[in-house]
Amino acid sequence: MAAADSGADIMKNPLSPFTVYFSLNNGLSNAKPSLKRYLSQMKGMYADDEAFDQLMQGSDPLVYEFHELGIPESDGNLAFGTSIVYPGKVGNEFYMTKGHFHTILDTAEVYYCIGGKGLMLMENPEGQCDVQEFTPGKAVYVPGRYAHRSINTGDEPLITFYVFRADAGHDYGTIETKGYRNIVVEQNKEVVLLDNPKWK
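Read on for a plain summary of the structure. Sequence order as written defines residue numbering, which begins from 1 separately in each chain. Residue-level local features of this predicted model are given only where pLDDT is at least 70; pairs of side-chain atoms are given and counted only at 80 or more, and the full residue set underlies all totals for whole chains, interfaces and linings. Only hydrogens and water are removed before side-chain values are computed, so all heavy atoms of the structure are retained for them.

## Digging into the pattern of salt bridges
Selection criterion: By definition, a salt bridge exists where a carboxyl oxygen of Asp or Glu is found within 4 Å of a side-chain nitrogen of Lys or Arg. For the purposes of this entry, the term helix denotes a DSSP run of H or I that reaches at least four residues, the term strand denotes a run of E that reaches at least two, and both are numbered from the N terminus. Working definition: with a 1.4 Å probe on protein chains only, accessible area under 20% of the residue-type maximum means buried, over 50% means exposed, and in between means partly exposed.
Counted according to the given criterion, the structure contains ten salt bridges. Close ionic contact of Glu65 with Lys36 constitutes a salt bridge, the shortest N to O distance being 3.0 Å. With a gap of 29 residues between them, Glu65 in strand β2 (residues 62-68) and Lys36 in strand β1 (residues 35-38) connect regions that are remote in the sequence. A salt bridge links Glu176 to Lys98, with the nearest nitrogen and oxygen atoms 2.7 Å apart. With Glu176 in helix α3 (residues 173-178) and Lys98 in the loop between β5 (93-94) and β6 (109-115), the pair connects residues that are 78 residues apart, well separated along the chain. The class of Lys98 is buried, set by a relative accessible area of 10%. Because the salt bridges share partners, they merge into one network encompassing Asp75, Arg165 and Asp167.

Spelled out as structure tokens, the structure:
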């Protein structure tokens, strides 16, 4: 039996079948280095600007990272990887991913929770919003047209495995300029969904 392809082999011939290792303990992959998002890269995305500025006077904390394989971005291919959101808060607002629409707006995505706990916050351009819980073993289906953001509401890394159409693309600009209609915060030791005071 032929040996399974390594992560390096994927980039040489991405249209061939392959196997790749993902750790179910920490979400890390041997196929490709992770892409990291630090707090400084999320300026203006949290509701409490003063709390953000205070955190930035110290170190620049790592908020989340993700591993996405180099699958060709074309119709008929599937992209997949893992996302890791670390525990923490800016003021009382939990650490989160930037979130994004897909460039091809009607394409869907699935996230499967490997570890930790949190929420998937979603909204579409028409103003419909939804929130689904992440706990290990739960899969969240994100319909087409919905922007989506992973939020860590626990004390451990929130690790999810995701799959989407490879040519869907990522539209971060809409979220960076308008934000989400809702934010997720801690109030009286409870996880609470509030209107975003910055949203217009």
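Text resumes after the structure shown.
## Topic: the packing of aromatic side chains
Stated precisely, the cut-off is as follows: Note on ring pairs: Phe, Tyr and Trp rings are taken, using the six-membered ring of Trp, and paired if centres are within 6.5 Å. Classes follow the plane angle, with under 30 degrees stacked, over 60 edge-to-face and the rest tilted.
Counted by the stated rule, this structure contains seven aromatic pairs. Pairing Phe80 with Phe161 gives two aromatic rings, centres 5.9 Å apart and planes at 40°, and the pair type is tilted. Here Phe161 lies in strand β11 (residues 158-165) and Phe80 lies in strand β3 (residues 78-85), a separation of 81 residues in the sequence. Under the relative-accessibility criterion, Phe161 is labelled partly exposed at 27%. For the pair Tyr162 and Phe164, a centre-to-centre distance of 6.1 Å together with 25° between the ring planes defines the contact as stacked. Per residue, the accessibility class of Tyr162 equals that of Phe164, and both read buried. An aromatic cluster is defined as three or more aromatic residues linked by ring pairs; in this entry it consists of Tyr111, Phe134, Tyr162 and Phe164.

## Focus on the sheet that holds β6
Definition in use: In this description, strands pair whenever DSSP reports at least two bridges between them. Fitting a line to C-alpha atoms yields each axis, with helices limited to the stretch in contact; the angle taken between N-to-C directions then spans 0 to 180 degrees.
Taken in spatial order, the six strands make up an open sheet running β1-β2-β3-β11-β6-β9, and their pairing is antiparallel. Only two strands of the sheet have a single partner each, and these edge strands are β1 and β9 (139-142). Direction aside, neighbouring strands of the sheet carry axes that sit 20° apart on average. In terms of strand pairing, β3 meets β11 through eight bridges, oriented antiparallel. By the bridge assignment for β11, Ala79 is matched with Phe164.

Take it as geometry only, folks, not as evidence of what the structure does.
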